[in-house]
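# Descriptive structure summary
Here's the letter readout for the chains.
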Amino acid sequence: MKKYIQKLFVGSLMAGTLLVSSCASDYLDTAPTDSTGSADAIGTTDNAIKALNGIAKLMSTQHYYFGQGFAGENNIIAHYENYPSENYLYNLYASGWSPIHNQEFHTRTNSIYDAYAWYYYYSIVGNANTILANIDNAEGTESEKQFIKASALTFRAYAFEKLVHYYCWRWQDSNNGASQGLILRLDESTNGMPYSTLAETYTQIYKDLDEAISLYGESGMNRKEGDVWMPNVNVAHAIYARAALTKQDYAKALSEAKLAREGYPLMNNTEYYAGFCNPTGEWIMGSFGGSQENNWYWSYGVQFACNGYYASTQQTGAGAIGRELINRIPNNDARKALFLTEDKFPGYNFNDGSVMDLTYGILGMGEKEKEADALWDEAAAYCKKMAVSGLTAPYEAGYMYLGGQLKFYVFDTPGVGYLPFIRSSEMVLIEAEANYFLNNEAAAQAALVELNATSGRNAEYTCTKTGDALWNEIMDYRELELWGEGFAWSDYKRWNRDVIRNGFDKGGNAHISIATTIPASGANKWTWDVPLNETDYNDELKVSGN
Amino acid sequence: MQSQEVSIKPTINIVLKPDTETLDEVVVIAYGTAKKESLTGSISVVDNKKIEKRITTSVTGALEGAAPGVQVNNTYGEPGKAPSIRIRGFGTLVSGASEPLYVVDGVPFDGNMAELNSNDIASMSILKDAASAALYGNRAANGVVLITTKSGHATNKPSITLQMNQGIYNRGIPEYDRLDADRWMEASWMAKKYAMMSNKGMSATEAGQYATEHLITESIGRNIYNAADNQLFDANGKLTASRLSGYDDLDWADAIERNGHRQDYNLSASTSGEKYSIYSSIGYLKEKGYVKATDYERYSGRINSTFTPNKWFKGGVNLTGSWTKRNYNDNATGSYYSNPFYITRYMAPVYPVYMHNADGSYQLDENGEKIYDTTSPYLGNRNIAYEMLFNKEESIRNVLGGQAFATITLPLGLSVTVKGDLNNSTSNNKKYDNPKIGDGATNGGRLTSYAYQYRTVTLQQILNWNYQFKEIHNIEAMIAHESYSWERKYTSGMNTGMAVDGNLTMGNFLTNSYFNGSDDEDKTESYLARVKYNYDNRYFIEGSFRRDGSSRFHKDNRWGNFYSVGASWNMKNEAFLEDVEWVDHLKMRASYGEVGNNMGVSYYGHMALYTIDKNGGNPALLKKSLAAPDIKWETTQTVDVAVEGRLFNKLNFQIGYFDKRSKDLLFEVRLPLSAGSYPWQDKVMNLTQYKNIGTVSNRGWEISLNADAIDSKDWKWNIGVDATFLKNEIVKLPDGKDILHGMQNYSEGHSIYEFYTYHFEGVDQLTGTSLYTLDPEQKVKAEEAGALVNINGQDYATATSYAQRKWAGSALPTVYGSISSALSWKNWNLNMLFTYSLGGKTYDGSYSSLMGVSESGAAGSAYHKDILNSWNGAPAGMTETSPNRIDPNGIPRIDYYKSSDLNATSDRWLVSSSYLVFKNLSLSYELPKKWMKNLGIEGLMLNAGVENLFTLTARKGLNPQYSFNGGSDDTYVTARVYNFGLTVKF
């Protein structure tokens with residue numbers, strides 16, 4: 001009996017210990033403070049607006065995996081559009097970047113340069129899809145839901161439309177859209193998924209935009225004044241115009257472009273000379289820039305603004321325009337004043353190395369020291385004259401290139417500024433291009449006059465050109481107007497036009513490593529292959545490529 | 001049997017013969033202590049005798065070479081950094097989840113190991129198998145290191161020990177062999193020549209001429225020779241000019257390295273009596289690293305006490321505190337411009353640190369001092385030597401820990417122990433970028449200030465029961481509950497625009513850039529139980545059970561059950577061995593157990609989350625992670641069998657086999673890019689989702705032998721060797737599908753760190769082009785891109801984008817271990833320790849960078865000496881159809897334009913990781929006691945030692961102990977430390 005009691009005692013003491021000491025039932029429930037649950041994020045329309053703003057953030061924030069210079073749209077502009085184009089030169093680093101300039105990486109599916117655009121635009125698609133999948137169940141008014149839904153659809157269409165530029169064949173090569181299109185992921189799924197055709201892809205983009213435009217209308221709402229990083233109905237129309245243009249659906253492009261720029265009149269020359277770092281009246285969409293949200297050395301302006309970090313401290317300059325292109329533009333064009341061109345410095349020989357080196361085209365680095373110094377002084381004086389009041393002066397490092405730009409500025413170091421994505425000028429140029437292909441030459445001419453003369457950029461501009469001459473004029477002004485804003489490579493691809501860069505020996509200003517011709521038919525039909533990080537993890541895709 | 005207590009008994013400090021393990025030893029085990037003879041699992045003990053010989057700031061450094069089954073890396077290069085440890089291989093697929101659990105005085109330790117003073121450590125027990133570790137179920141899958149601090153000695157009079165160490169500290173692994181300025185210039189000429197041929201189609205003569213004309217202006221940007229820029233070379237690229245005198249500042253390492261200094265002072269006092277024991281100590285340590293501007297300073301103190309006022313009550317308090325200050329450089333990794341190791345390694349040998357005049361002499365400022373070059377374009381507006389003088393990165397940590405326990409002894413062999421441990425620490429950090437040059441230059445200087453507060457609370461309630469009957473049946477039982485909570489509060493802010501020079505406080509920086517912060521917590525709750533039984537001290541069995549809940553998993557899958565069983569047989573106590581004289585001890589043991597791991601999941605791993613940020617001044621939410629409600633504990637099952645003993649009164653041996661199988665591995669499964677990604681993730685491009693997938697096994701043999709080769713009155717010599725043969729293998733993956741991750745691939749039947757990359761076939765002797773195995777499916781693409789070559793009927797790719805990935809060997813060694821020798825003659829002791837590792841490969845990224853060339857930005861980088869052997873024209877008689885057209889060991893031509901393809905990531909850069917390190921050499925002399933007696937000194941000991949005397953590797957410069965997975969980096973290498981010490985006991 002005693003033994004029995006002992007055992008009972010021991011047993012009950014042990015059980016008791018555990019019972020007494022157990023923690024409360026919610027002891028193990030923890031939650032983070034730097035994030036919120038996804039149910040909350042789209043749980044109310046108030047929060048869903050913040051998730052929309054998160055998509056805008058994606059377009060200008062650092063993408064850590066890829067490193068410096070990869071902060072959303074800025075990298076697309078620099079690496080996918082500027083570098084491989086004909087008329088954007090960044091000579092000092094051209095030797096290192098020549099494979100990108102020369103479009104040699106299109107089939108290198110294991111490279112980050114191939115993966116980035118795919119990765120980045122599908123991040124936008126993924127965030128938009130989550131909003132679209134959950135917004136109907138969110139708390140909030142119907143009109144808020146409609147506006148949010150329209151905005152998410154606009155973001156998604158924006159991303160799909162851009163993806164087509166880089167990862168699909170030209171429409172004209174597609175056999176009416178039968179060639180490989182995108183992976184049309186429209187929900188929150190994460191599994192493997194096959195490609196749609198290019199035609200199906202455009203159908204989806206059109207569908208998203210049709211729905212968005214009608215929802216904007218029903219909601220009766222617009223984005224907050226000045227929030228250019230958020231979408232609205234004009235943005236939807238603008239993307240529609242772009243998509244239609246790329247699909248060679250010119251009538252649609254024309255009508256959408258007109259709708260897109262309603263309420264966004266072309267800016268005047270004062271605004272044009274303000275440094276492209278703050279929105280003007282014609283910015284339909286762009287990214288936010290602010291000192292309190294400094295992207296430090298990752299932003300576009302760090303490298304590509306004439307008063308950015310590099311231009312201020314190093315010998316890189318901040319990008320230069322193609323010499324032949326800018327020489328074709330009349331000297332009295334206000335836009336030409338934003339480039340360091342030969343006509344501004346008469347009396348110097350730019351071809352014999354006397355006042356400018358013939359490797360990079362740096363003004364004042366010539367063999368005749370005195371003349372070279374004189375040119376440098378003139379160029380520096382010109383930069384000073386053009387400096388935007390209130391902003392740091394351009395090219396403080398003293399390295400000014402032939403064709404060097406004075407278009408893009410930053411308003412705080414090392415690269416703080418807004419960045420334009422869609423401007424009304426682009427819409428006018430879409431109208432010109434669409435009208436030209438609709439055989440409506442007079443309207444095309446009129447569009448050019450509106451862009452160049454009416455706006456005051458060149459008040460004396462008139463256009464009577466027709467046929468190929470008119471077409472060349474449209475292309476030249478599109479290149480000039482949108483230079484450095486992320487269009488040039490896609491334009492040449494759509495135009496089926498060779499990139500021809502000439503070195504200094506042939507009257508151009510391209511570094512020797514990129515002084516070459518990239519035929520429109522080459523470089524994998526100017527199409528990046530789908531990156532390995534898609535195909536390796538998507539079992540519906542057998543082999544990458546078209 | 002006496003009742004077991006949780007705290008540490010004074011009897012642990014049994015003085016052993018060097019490296020000899022006896023069975024009477026009491027070892028610290030999970031939630032208690034045990035006689036070594038009763039162990040059924042695999043536990044290695046490192047006592048303070050072993051620790052004292054080593055010169056380590058982090059006590060875990062002393063684990064290297066101390067026991068089989070333990071691998072140590074990242075050894076002690078940066079002041080204040082603790083090494084990383086792996087026990088019996090790699091049982092998880094997630095980085096950061098393979099570290100063992102550290103338990104200090106019975107409580108999980110989450111602090112910085114360097115903050116524990118090695119001198120306060122009495123012993124470390126390494127629990128390697130699941131049966132030993134099972135009672136630490138939730139975090140024991142990677143093994144457990146139990147660290148026990150000293151307690152008052154079982155002496156009857158108070159004693160004081162004073163210890164002083166002085167040391168010199170420099171780099172223990174030499175730099176790679178790199179070209180000097182003249183050879184480098186000639187190599188650059190060749191790179192220019194071949195670039196003009198491959199890119200511009202020039203003839204060899206034209207290209208050579210172009211190189212002579214343009215090399216300085218286009219590719220180098222600096223001429224330190226006594227001839228004009230375009231007149232440095234003859235037609236064959238031989239340098240004809242000579243270097244201007246005065247350029248003796250071309251080795252940047254000289255500008256940033258120094259002889260470091262290490263000093264360490266400890267004073268400890270202890271006393272004990274029948275009813276109490278007290279140990280107290282204070283310590284001061286200062287290390288100046290071998291790189292400028294890096295140092296570590298530590299003040300530490302500890303009081304451990306136990307009191308036994310009466311028969312039924314025992315209590316104790318341990319208090320510990322430390323203050324540490326670290327100056328460091330958190331950019332000392334990867335390709336940052338502010339990484340001193342990156343800059344010094346790759347700086348071309350023609351770029352000086354200081355400004356020079358045209359004649360090569362130094363430019364001097366008004367005070368006659370050399371001026372740092374902060375203006376030359378090829379330096380990219382940076383000068384690391386200058387920046388290191390003016391930037392500052394400082395971390396100050398305060399740690400205060402307290403532990404208290406009370407044990408009440410009840411009748412019937414029962415006792416109850418309650419133990420609480422509270423550890424508070426703060427870390428205040430400051431990062432200053434100067435306004436003149438570098439990251440802070442554009443904003444007038446910037447200061448980042450960030451702080452962490454940590455708080456860890458552990459509570460244990462333990463009930464023990466010991467019972468013996470009929471003299472031969474011994475039973476011990478334990479049941480307990482434990483809760484653990486960890487909290488972190490973080491704030492961080494940055495201001496720019498310094499007002500007054502030299503004032504590094506936030507108020508002196510006028511413009512706010514950001515200010516943010518967040519709180520985190522991590523919790524577990526556990527129930528545990530153990531039963532041990534032995535029969536006549538011959539047959540031992542034990543079993544344990546633990547149930548754990550973790551806050552990292554969803555409510556429904558939060559709890560995991562873990563258990564173990566073990567048995568041992570002390571054969572020497574059997575009648576048939578009692579009279580066998582040559583067998584001194586013999587024991588067999590076997591165990592099986594299951595333990596868990598939740599470290600592969602982030603704190604809120606099961607939740608779908610949106611990050612909170614801002615854009616345009618408004619809130620912005622970004623999709624960060626997907627929900628994973630189904631994830632649960634990773635489980636590791638270990639079988640462990642061993643025989644150990646001592647023979648001929650000379651030879652100690654231990655031979656064991658283990659099979660450690662980790663299943664339901666937690667893994668971040670990569671999703672296709674089209675599923676969207678998260679921008680603020682720097683490790684993986686794809687979005688990932690946690691899943692329990694797959695099984696990994698680590699199995700192998702551990703052998704440990706040591707012999708008393710000489711054991712006479714004056715001479716004693718013990719030599720020992722241990723070896724661990726380890727085979728790591730992925731047993732199961734979902735649907736058997738491979739999972740690629742970078743250069744490696746998870747695949748069934750292969751190890752987790754097995755390289756899977758492009759295969760370098762060799763160099764085409766006609767063109768000097770690198771050839772890679774073609775991916776047949778990419779043939780058309782390769783041809784279109786001009787990256788296809790057919791040689792003698794076989795297709796090859798000349799760019800890896802079209803090449804096929806193949807298995808290329810594992811990063812893991814076949815066998816690793818140590819060799820030791822302990823020799824003593826009278827009062828002299830000479831100890832040596834070598835560690836080795838055989839097999840396995842490292843991806844030598846640094847070598848690969850030194851073999852590549854670039855002229856981007858009109859600046860070059862340093863080259864490895866091997867570049868002198870690169871292809872330079874087709875060998876005589878080589879034709880298109882020559883059978884030896886491909887040289888598999890060739891080095892491709894050096895070519896600015898094609899360098900990235902010629903030197904692409906491939907198995908060409910894999911090199912053997914095998915190494916032999918002379919880890920420790922120490923000589924000590926203890927002055928005869930009779931000399932001291934009159935002075936009232938108990939003992940006086942002098943010692944001298946060297947840590948990391950040398951490292952032998954396949955390639956000079958390679959750090960074979962950088963990582964376990966075969967990676968490499970440009971960062972700190974193991975330091976060599978010369979030390980002189982003096983110990984006085986009163």
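As the structure is a prediction and not an experimental result, all values here were calculated from the model.

### Focus on the overall build of chain A
Tallying secondary structure elements over chain A gives 21 helices and seven strands in all. For chain A, the spread of C-alpha atoms along the three principal axes comes to 120 × 55 × 45 Å. Of all 546 residues assigned to chain A, the portion counted as buried reaches 58%. Long-range pairs, those at least 24 residues apart, make up 68% of the contacts in chain A with a sequence separation of at least 6.

### Side note on the overall build of chain B
Each helix and strand in chain B was counted, giving 12 helices and 44 strands. For chain B, the spread of C-alpha atoms along the principal axes amounts to about 100 × 70 × 70 Å. Taking all 986 residues of chain B together, the buried fraction comes to 52%.

### Remarks on the confidence of the model for chain B
In regions of low pLDDT, the predicted coordinates are not meant to be interpreted in detail. Residue and element names in this part refer to chain B. Model confidence for chain B is summarised by a mean pLDDT of 89, while 97% of its residues fall at 70 or above. Under a pLDDT of 50 for its full length, residues 1–23 has, in the predicted model, 62 contacts with residues more than four places off or in other chains. Taken over the whole predicted complex, pTM reads 0.86, whereas the ipTM for its chain interfaces reads 0.92.

### Overview of the packing of helix H3 (residues 181–200) of chain B against helix H4 (residues 204–220) of chain B
Residue and element names in this part refer to chain B. Running from amino to carboxyl end, H3 crosses H4 at an angle of 120 degrees, the nearest separation of the two axes being 8 Å. The angle between H3 and H4 falls in the class oblique. H3 and H4 meet at a crossing whose hand is right-handed. In contact with Ser188, Trp189, Lys192, Lys193, Met196 and Met197 of H3, H4 contributes Ala204, Ala207, Gly208, Tyr210, Ala211, Leu215, Ser219 and Ile220. Looking at side-chain class alone, the contact of H3 with H4 contains nine nonpolar, three polar and two charged residues.

### Things to note about the sheet that holds strand E23 (residues 609–615) of chain B
Within the open sheet, the three strands sit side by side as E1(A)-E23(B)-E24(B). Their pairing is antiparallel. The open sheet terminates on both sides in strands that have one partner only, identified here as strand E1 (35–37) of chain A together with strand E24 (618–625) of chain B. Geometrically, the sheet is characterised by an average inter-axis angle of 40 degrees between neighbouring strands, direction not taken into account. Both E1 of chain A and E23 of chain B contribute to a ladder of three bridges, which runs antiparallel. By the bridge assignment, serine 35 of chain A is partnered in E23 of chain B with threonine 611 of chain B. Contacts between helix H3 (residues 45–58) of chain A and the sheet are confined to E23 and E24 of chain B, with E24 of chain B contributing the most and set at about 80 degrees to the helix.

### A look at the interface of chain A and chain B
Every contact between the two is made by 82 residues of chain A and, on the other side, 79 residues of chain B. Take the side of chain A that touches chain B: its biggest share by element is nine residues, from helix H6 (residues 112–134) of chain A. Looking at the side of chain A that touches chain B residue by residue, the classes come out as 32 nonpolar, 40 polar and 10 charged.

### Description of the nonpolar core
One recurring pattern in soluble globular proteins is that nonpolar side chains are buried together. In this structure, Trp118, Ile131, Leu163, Ala241 and Leu363 of chain A are the most contacted members of the largest nonpolar core, which totals 275 residues. Among residues more than four places away in sequence, those in contact with tryptophan 118 of chain A are Leu163, Tyr167, Val530, Pro531 and Glu534 of chain A together with Leu673 of chain B. Counting 59 residues, the second largest nonpolar core, distinct from the first, contains Ile29, Ala30, Ala122 and Met124 of chain B.

### Notes on the domain arrangement of chain B
Looking at the assigned domains, one finds that chain B contains domain 1 (395–526 + 540–551) and domain 2 (763–980). A separation of 38 Å is found between the C-alpha centroids of domain 1 of chain B and domain 2 of chain B.

### What to know about the pairing of strand E5 (residues 419–423) of chain A
Residue and element names in this part refer to chain A. In terms of burial, E5 is a largely internal element, five of the five residues being buried. As judged from the four bridges shared by strand E3 (residues 283–287) and E5, these two strands associate in the antiparallel manner. Counted as the bridge partner of serine 287 is leucine 419 from E5.

### Side note on helix H17 (residues 441–454) of chain A
Residues and elements named next belong to chain A. With 14 residues, H17 extends 18 Å between its outermost C-alpha atoms, agreeing within 8% with the 20 Å of an ideal straight helix rising 1.5 Å per residue. Those residues of H17 not exposed but buried are Ala444, Gln445, Ala447, Leu448, Leu451 and Asn452. Packing partners of the buried residues in H17 comprise helix H16 (424–437) and helix H18 (467–481). A positive backbone phi angle near 90 degrees is found at glycine 456, which sits one or two residues after H17.

### A few points about the domain arrangement of chain A
Residues and elements named next belong to chain A. Taken domain by domain, chain A comprises domain 1 (41–272 + 521–535) and domain 2 (300–415). For domain 1 and domain 2, the distance between their C-alpha centres works out to 33 Å. Residue-level contacts link 15 residues of domain 1 with 16 residues of domain 2. Broken down by secondary-structure element, the contributors of at least two residues to the side of domain 1 that touches domain 2 are helix H4 (73–82), strand E2 (88–89) and helix H11 (269–272). By residue class, the composition of the side of domain 1 that touches domain 2 is eight nonpolar, six polar and one charged.

### Some points on the sheet that holds strand E8 (residues 121–127) of chain B
Each strand in a sheet pairs with another by means of backbone hydrogen bonds, the pair being arranged parallel or else antiparallel. All names here are of chain B. Within the open sheet, the five strands sit side by side as E3-E8-E9-E6-E7. Their pairing is mixed. For this open sheet the edge positions go to strand E3 (43–47) and strand E7 (107–108), each flanked by a neighbour on one side alone. Here two bridges tie strand E6 (residues 101–104) to E7, and the two strands are oriented antiparallel to one another. Bridging from a neighbouring strand, valine 103 pairs with proline 108 of E7.

### Some words on unusual backbone geometry
Each neighbour pair has its own omega, and for threonine 413 of chain A with proline 414 of chain A the value is -10 degrees, a cis peptide bond. Take proline 414 of chain A: it is sitting in the loop between helix H15 (369–386) and E5. Phi at phenylalanine 648 of chain B is positive, roughly 50 degrees, even though this residue is not glycine. Positionally, phenylalanine 648 of chain B belongs in the loop between strand E25 (634–647) and strand E26 (651–670). Positive phi values are uncommon outside glycine, yet aspartate 664 of chain B reaches one of about 55 degrees. Take aspartate 664 of chain B: it is sitting in strand E26.

### Thoughts on the UniProt feature "domain: RagB/SusD" (unreviewed entry) in chain A
Under the local residue numbering, the UniProt record ascribes the feature "domain: RagB/SusD" (unreviewed entry) to residues 419–512 of chain A. Between the C-alpha atoms that bound residues 419–512 of chain A the distance is 31 Å, and the span itself is 54% helix and 7% strand.

### Digging into the environment of threonine 757 of chain B
Residues and elements named next belong to chain B. Within the secondary structure, threonine 757 sits in strand E31 (residues 754–758). Residue threonine 757 is classed as buried on the basis of its C-beta count, with 24 C-beta atoms lying within 10 Å. Sequence separation between threonine 757 and threonine 800 is 43 residues; the distance between their C-alpha atoms is 9.4 Å. Non-local contacts of threonine 757, meaning those with residues more than four positions away in its chain, are made with Met743, Arg805, Ala808, Thr905, Ser906 and Asp907.

### Concerning the pairing of strand E19 (residues 509–535) of chain B
Residues and elements named next belong to chain B. Where strand E18 (residues 473–498) meets E19, 25 bridges bridge the pair, whose relative direction is antiparallel. Of the residues in E19, the one forming a bridge with glutamate 487 is glutamate 521. Note that E19 and strand E20 (residues 539–550) share 12 bridges and pair antiparallel. Considered in E20, the bridge of valine 531 is made with glycine 543. Turn length for the E19-E20 hairpin, with the two strands adjacent in sequence and antiparallel, is three residues, and the turn residue aspartate 536 shows positive phi of about 60 degrees.

### Observations regarding the environment of aspartate 26 of chain A
Residues and elements named next belong to chain A. Position of aspartate 26 relative to the elements: it lies in the loop between helix H1 (2–21) and E1. The class for aspartate 26 is exposed, based on 8 C-beta atoms found within 10 Å. Spatially, the C-alpha atoms of aspartate 26 and alanine 159 are 43 Å apart, while their sequence positions differ by 133 residues.

### Considerations on the environment of tyrosine 925 of chain B
Residues and elements named next belong to chain B. Along the chain, tyrosine 925 falls in strand E42 (residues 915–926). For the pair tyrosine 925 and threonine 636, spaced 289 residues apart in sequence, the C-alpha separation works out to 46 Å. Not counting residues within four places of it along the chain, the set of residues in contact with tyrosine 925 comprises Asn827, Trp828, Met941 and Leu942.

Calculation notes
Residues numbered from 1 in each chain as written. Chains lettered and ligands numbered in written order. Predicted model: local features only at pLDDT ≥ 70, side-chain atom pairs only at ≥ 80, totals over all residues. Helix = DSSP H or I, 4+ residues; strand = E, 2+ residues; numbered from the N terminus. Buried ≥ 20, exposed ≤ 12 C-beta atoms within 10 Å, placed from the backbone. Contact = placed C-beta atoms within 7 Å. pLDDT = per-residue confidence, 0-100. Axes fitted to C-alpha atoms, helices over the stretch in contact; angles between N-to-C directions. Parallel < 35°, antiparallel > 145°, perpendicular 65-115°, else oblique. Left-handed = near helix turned anticlockwise from the far one by under 90°. Nonpolar A, V, L, I, M, F, W, Y, C, P; charged D, E, K, R; others polar. Pairing = 2+ DSSP bridges. Core = buried A, V, L, I, M, F, W, Y, C linked by C-beta atoms within 7 Å. Domains from an automatic or database assignment. Expected span 1.5 Å × (residues − 1). UniProt positions renumbered as here; feature names shortened; annotations may be inferred.

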